[in-house]
Structures are given as structure tokens and as C-alpha cells.
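Next come the chains, spelled out residue by residue.
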Amino acid sequence: MSNLIITGGSRLCGIIEVPGAKNSVLPVLAATLLNKGTSILENCPELDDVTTMLEILGALGCSIRRKGSRIEVDASKLAASSIPEELAKKMRSSIIILGSLLARCGEVLVSYPGGCEIGLRPIDMHLKALMQMGAQIDGISDGMLRCRAEKLTGCEILLDYPSVGATENIMLAASLAEGETIIQNAAKEPEIDDLQAFLRKMGVKVSGAGTGVIRIQGIHEIKTEPVHRIIPDRIVAGTYLAATAATGGSLVITGVEYDHVGSVLYCLKRCGCRIRNYSGNVIALESSGKLSALDLVRTSPYPGFPTDMQPQLVALLSKCKGTSVVVETVFENRFRYTEQLMKLGADISIQGRAAIIRGTDRLKAAQLEARDLRGGAALVIGALSAEGTSSISGVGYIDRGYERMEKVLSSIGADIKRVET
Ligand code: UD1
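Source: prediction; values computed, not measured.

Section: the site of the ligand
If you check the shell around the ligand, you find 18 residues, and the closest are Asp-124, Met-125, Ser-163, Asp-308 and Val-330. In this structure, Met-125 approaches the ligand through a main-chain N or O atom, which is 2.7 Å from an oxygen atom. Between the ligand and Val-330 there is a distance of 2.5 Å, counted from an oxygen atom to a backbone nitrogen or oxygen. Secondary structure elements with two or more residues in the shell around the ligand: helix 5 (124-132) and helix 6 (164-175). The greatest single-element share of the shell around the ligand, amounting to three residues, is contributed by helix 5. Its residues placed into classes, the shell around the ligand shows seven nonpolar, six polar and five charged. Of the residues that make up the shell around the ligand, three or more belong to each of domain 1 (2-18 + 232-420) and domain 2 (22-229).

In C-alpha cells, the structure reads:
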């Protein structure tokens, strides 16, 4: 176990290259299960969740080679169709494997997934869609599910909400189903587009990612050698931009997709940051440190303001002059980290799904505890812009989504170190 020790007050300044997206590599890794050949993925982030996913694939019989950001998965010899419980519980994204594995093996045994403590996170939409495609799902003891399908058949599915995970699971199951599947009200996140790009490289006829209606024409068998580069992580990019804004610094981010961070840049500009975009994938931010509040920001599915950036934005707004209101519409329990930010002196009150933030120009160091991934990132931003030396425990949560955060932040001038406890 480790803690981050952060002495606030340094202006962040420098250049950062954004790694591949966690939320993209996980479903793409799940998609490699559909392939009886070897899939090669580049630009994969080196994160604990990726390691957990590879352990799951390994336990299912895949052979894996990982060197730096390159991963090769040979899923020609699947030997098992049950996802080890201790691994499934570690990571909610393990449920993404359900669609692929069911399509490939016809039977899956899985426990209800784990993940961050940010809400109930049910999987009813995933299960309902798979049942529409012909799967039979039985709950067996202790939160275990058994899914069986002699054959999956394409059909039209209307999602009640544009769930990212449910959209991905259906795309995966539909790739080996008989006939066409049409997903109405599909999620439009860039990670869905990336999954579509990978499935196409494996020969699946899929179209519509990003539009809300996705069509997948299933194929009988996939045996290819796709090479795919994972898209940049828009949330990591947004997090470092918000940290720089809060400390009054200037940052150049490379390898980022400008459009993917559009709503985040919009808010940062409205706070008073100067943003420039060079050639589509380089963004420069300058902040005077004297920023203003945002009257109202609501999180919503892409291209709205991402829920995964909500805590980092609230941390920034804690230092912005005036009163801001941030409404969380995606997850019902995503303000727990605000108690910790308040230890730094942030003035935040929660009313139902809204956080009301009264900006202060002085935050003071404190002992903090991260309890979820993005909430943890918000604490880092708070500590970077507070006077004095703070310590943050629960760093394991932060490591799930950020590669060596302390090294990246040190490289742009932060006073931050990791100590083993
Ligand atoms: C993904 C992201 C996560 C991000 C979220 C929303 C990954 C690995 N994780 O999570 O970082 O915060 O999208 O952008 O990509 N819901 C149901 N029933 C379901 C499925 C979802 O009620 O069957 C609800 C959830 O509780 C939540 C909302 O739908 O309130 C959105 O969830 P969803 O889009 O599915 O998020 P994830 O795929 O879990």
C-alpha cells in the first residue's frame, strides 16, 4: 500500500503525452476473445485494470504477450467459460466479457461485477439485451450468474439509457450472432467508436458508432490477425488539464483527440483558461490561477460533460471565484469524495444530485483518503493547489486509471512523491 505526499503551490508547467484509454482497451480486450487468431493491440495503458483483464483472459485459456504498451492476445484455444470470481469482483468491466464469451462458448459462469463505489451500477440492460438475443440467464448461488445460449440471434434492441457497457456487450455478442442486430439509443462515447474500428478489423460488419443507432451483422467465425491502436484517454487528458488550471500553470498535451475533450475544454475556457489547439491532437492550456465559477454544469452521456471528469471539475471549481453548481445525472452516488475535499477547506454542499461549490482562494493541506478512482484524482488536484503538505491514502484506486501519476505530475513541476506504507 502506498500514499501520495503532495506539497501544494507549484504551478504545473510542461508537456505531457496522453496514454491509451482505459475504457477503450478493456472492451477491445474483451473483443479479442471473439477471434480464433491473434490480436495485436498498441498504445495500451499500463494500468492495474488492464492487468486484471489480462489475468481473466489468461484464466480462460488465452495466451498473452505484453511488452510495454503492446499486447498480443491469442484466443485460439479457449479452455474455460467461467470468469474467476476474485478477478471479476476486482473490476466492473469484467461484465464486458459476458457478450464475447457467450457468443464464442455458448455458456458463461460469472459473478456480479465489482468496481468503484459510485453507485449501484446494475447490469439489467446487459442481461435483458442478451436474453432478447436468445440467452437464458439463471441466477445461481451467491451472486453468480449462469448464461447459456445454443445460438444467439440478431434482433432490434432499444436501450432505456445509452449505457456504455451494455452497448459494448451487445456489439460483442452480436458479432458472432446469426443475422443483424440493431441497437437503438446506443451510447455515443468515443470508446464505442474504437470498439467498432477494432471489430471491423476482425471482419465484422458494424456501422453507426457515434450516431446512437448501431447495426451489427454477425459472422459465423472470426479468424484474423488484427492490429489496432487504442485511442487516447480523454479523461486522463482532462484530469491533467484541470490540475494545471487549478495551479495557474501552462500545459501542452500531445496525442489527444481535440473533439473527445470538447465539453471539458468548453468548461475550462468558461472558467477563464486560455486554450489553443494545434493540428487536432495537441492542446495547450494556460491558466492565470484566477478563475471564475461556472453557474451550472450537468454531467451527461457523450458528447455532454463526462461523469468521469465531474470530481476533477469540482476540485477545480473549489478554487474558482463565485458559486458553481454541478449536477451529477449519470451515477447516483458520485459525491462521496467531496467530504475529503472539504478537509482541505473547500466549501461544498450537496443537495441531492447537485454539488454547490463556493470558491475560495485558500485551500490548506490535510490527510486525505481516496475511495474511488476519479474522486482520488480530484483529491490530487485539491492537494496540488492547497498550501502545505497533504497525504492521500487509497492510492490503489488512482492507479486503476492513471499510469504512474506521481511521475507524470513531477515531470511538469509538481512536488509529489509516493511513499510505501
Ligand atoms: C462506463 C465507464 C465509466 C463511465 C460510464 C459513464 C468503462 C469501463 N467504464 O461505465 O468510466 O463513468 O461508462 O460514462 O467504460 N445502468 C443501469 N443498468 C445497466 C447498465 C447501466 O441502470 O444495465 C446505469 C448505471 O447504473 C449508470 C448509467 O446507467 O447510472 C450509466 O452506466 P454505463 O454507461 O453503463 O456505465 P459503465 O459502462 O458501467
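Here the narrative resumes, following the displayed structure.
Thoughts on the sheet that holds strand 10 (residues 180-184)
Read across the open sheet, the four strands follow the order 9-10-12-11; overall the sheet is mixed. The open sheet has two free edges, formed respectively by strand 9 (156-158) and strand 11 (205-207), since each of these has just one partner strand. Adjacent strand axes in the sheet meet at a mean angle of 10 degrees, parallel and antiparallel pairs treated alike. Relative to strand 12 (residues 213-217), strand 11 is paired through three bridges, and the arrangement is antiparallel. Following the sheet pairing, Lys-205 is matched in strand 12 by Gln-217.

Details of unusual backbone geometry
Residue Pro-303 is reached from Tyr-302 by a cis peptide bond, and omega for that bond is 10 degrees. Positionally, Pro-303 belongs in the loop between strand 17 (297-298) and helix 10 (310-317). The backbone of Asn-43 sits at a positive phi, close to 65 degrees, despite the residue not being glycine. Along the chain, Asn-43 falls in the loop between strand 3 (38-42) and helix 2 (48-59). With a relative accessible area of 13%, Asn-43 lands in the buried category. For Arg-404, which is not a glycine, the phi torsion comes out positive at approximately 40 degrees. Take Arg-404: it is sitting in the loop between helix 13 (395-399) and helix 14 (405-411). On the basis of relative accessibility, which here comes to 37%, the residue Arg-404 falls in the partly exposed class.

Structural notes on the domain arrangement of the protein
Each domain of the protein was delimited in the assignment, giving domain 1 (2-18 + 232-420) and domain 2 (22-229). One C-alpha centre belongs to domain 1, the other to domain 2; they are set 30 Å apart. Roughly 2000 Å² of surface becomes buried between domain 1 and domain 2 when both sides are summed, with 49% attributable to carbon and sulfur atoms. When the area that domain 1 buries against domain 2 is broken down by residue, the three leading residues are Tyr-302, Arg-400 and Glu-403, summing to 31%. Counting every contact that joins domain 1 to domain 2 gives two salt bridges. Residue Asp-49 is joined to Arg-400 by a salt bridge in which the shortest nitrogen-to-oxygen separation is 3.1 Å. Taken together, the residues of the side of domain 1 that touches domain 2 sort by class into six nonpolar, three polar and 13 charged.

Details of the packing of aromatic side chains
For the structure shown, the criterion picks out one aromatic pair. Ring geometry for Tyr-240 versus Tyr-402: centroids 6.3 Å apart, planes at 70 degrees, classification edge-to-face. Here Tyr-240, found in helix 8 (residues 234-247), pairs with Tyr-402, found in the loop between helix 13 and helix 14; they are 162 residues apart in sequence, far enough to count as distant. Its relative accessible area of 4% is what places Tyr-240 among the buried residues. For Tyr-402, a relative accessible area of 2% corresponds to the buried category.

Calculation rules
- The numbers attached to residues start from 1 for each chain and follow its sequence in the written order.
- Given that the model is predicted, a residue must reach a pLDDT of at least 70 before its local features are reported, and side-chain atom pairs must reach 80 or more before they are shown or counted; all residues, however, enter totals for whole chains, interfaces and linings.
- Heavy atoms throughout the structure, all of them, feed into the side-chain values; hydrogens and water do not.
- Any residue with a heavy atom lying within 4 Å of a molecule or strand is counted as near it.
- Residues adjacent in sequence count toward polar contacts only when both atoms are side-chain atoms; beyond that, a polar contact is any pair of N or O atoms within 3.5 Å, and within protein one must be able to donate a hydrogen and the other to accept it.
- For the purposes of this entry, the term helix denotes a DSSP run of H or I that reaches at least four residues, the term strand denotes a run of E that reaches at least two, and both are numbered from the N terminus.
- Lys, Arg, Asp and Glu make up the charged group, whereas Ala, Val, Leu, Ile, Met, Phe, Trp, Tyr, Cys and Pro make up the nonpolar group; the residues left over, Gly among them, are polar.
- Residue ranges assigned to each domain were obtained from an automatic or database domain assignment.
- Paired strands, in this sense, are two strands between which DSSP finds at least two bridges.
- For helices, the axis comes from a line fit to the C-alpha atoms of the stretch in contact; other axes are also lines fit to C-alpha atoms, and the angle between any two N-to-C directions lies between 0 and 180 degrees.
- With a 1.4 Å probe rolled over the protein chains alone, any residue whose accessible area is under 20% of its type maximum counts as buried; one over 50% counts as exposed, and the rest are partly exposed.
- Accessible area that two parts lose when put together, evaluated with a 1.4 Å probe and summed over both, is termed the buried area.
- For this analysis, a salt bridge means a side-chain nitrogen from Lys or Arg found within 4 Å of a carboxyl oxygen belonging to Asp or Glu.
- Aromatic rings from Phe, Tyr and Trp, taking only the six-membered ring of Trp, are treated as a pair when their centres fall within 6.5 Å; an angle between ring planes under 30 degrees marks them as stacked, one over 60 as edge-to-face, and anything in between as tilted.

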